[in-house]
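One letter stands for each residue in the lines below.
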Amino acid sequence: MNRKGFTLVELLVAASLFLVATSAFGYLLKTGLVSIETASRLNQAAYELQAKMEEIRPLPFNQLAALNGSAFAQDRGEVSVTPVLADLVRIKLELEWDPKKTSLKLYTLRSKY
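Novice: Tell me about the nonpolar core, and please be specific about residues and values.
Specialist: A general trend in soluble globular proteins is that nonpolar side chains are found buried together. Core analysis: the biggest nonpolar cluster contains 16 residues, and Ile56, Leu64, Phe72, Val79, Val81, Ile91 and Leu93 have the highest contact counts within it. At the level of elements, α1 (8–56), β2 (77–85) and β3 (88–95) are the ones that each hand at least two residues to this core. In contact with Ile91, other than residues within four places in its own chain, are Met53, Ile56, Leu64, Val79, Ser80, Val81, Leu106, Tyr107, Thr108 and Arg110.

Structure below.
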């Protein structure tokens, strides 16, 4: 009996294992790329919220109420200003960064003093 090569069964098993490994790698690659894209959009949304908050920061206290309901980031975000005390307001920035996920929110308190 000559044992110098592979049998057809051995080749089929090896090819099947290679196919399973390649398919698994492709799935992991696709999942990784989707995760990177999602993280990138989330990071961009966080930067947009931070930029809007920095834009609001130097405004005088008496002008903050006028921002209530205003939009930013191509109408994907909304500013909400609600009084807490006579000299304290809560500012909420909410940004829709992905239609399939919950919106990103950033809160702060601002005092008159």
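Novice: I'd like to hear about the pairing of β2, residue by residue, with values.
Specialist: Pairing of strand β1 (residues 71–72) with β2 involves two bridges; the strand directions are antiparallel. Bridge pairing in β2 places Ala71 opposite Glu78. In sequence, β1 turns back onto β2 through a hairpin of four residues, with Ala73 there showing a positive phi of about 55 degrees. Where β2 meets β3, eight bridges bridge the pair, whose relative direction is antiparallel. Of the residues in β3, the one forming a bridge with Val79 is Leu93. Following β2, the chain reverses through two residues before pairing antiparallel with β3.

Novice: Requested: an account of α1, with residues and values cited.
Specialist: Along an α-helix, a turn takes 3.6 residues, which lines up residues three or four apart on a common side. In a regular helix each residue adds 1.5 Å, so 49 residues correspond to 72 Å; α1 covers 72 Å between its end C-alpha atoms and thus fits that length. Among the residues making up α1, those that are buried are Ala45, Glu48, Leu49, Lys52, Met53 and Ile56. Looking at the packing, one finds that the buried side of α1 touches β1, β2, β3 and β4 (104–111).

Novice: Give a description of the pattern of salt bridges that names residues and reports values.
Specialist: A complete count under the given rule lists six salt bridges for this structure. The partner of Arg41 in a salt bridge is Glu37, with the nearest N and O atoms 3.5 Å apart. With a gap of four residues between them, Arg41 and Glu37 both fall in helix α1, about one helical turn apart. For Arg41, a relative accessible area of 31% gives the class partly exposed. If you follow the salt bridges from partner to partner, you end up with Glu37, Arg41 and Asp98 in one network.

About the thresholds
Residues numbered from 1 in each chain as written. Predicted model: local features only at pLDDT ≥ 70, side-chain atom pairs only at ≥ 80, totals over all residues. Heavy atoms only, no water. Core = buried A, V, L, I, M, F, W, Y, C linked by side-chain atoms within 4.5 Å. Buried < 20%, exposed > 50% of the residue type's maximum accessible area, 1.4 Å probe, protein only. Helix = DSSP H or I, 4+ residues; strand = E, 2+ residues; numbered from the N terminus. Contact = heavy atoms within 4.5 Å. Pairing = 2+ DSSP bridges. Expected span 1.5 Å × (residues − 1). Salt bridge = Lys/Arg side-chain N within 4 Å of Asp/Glu carboxyl O.

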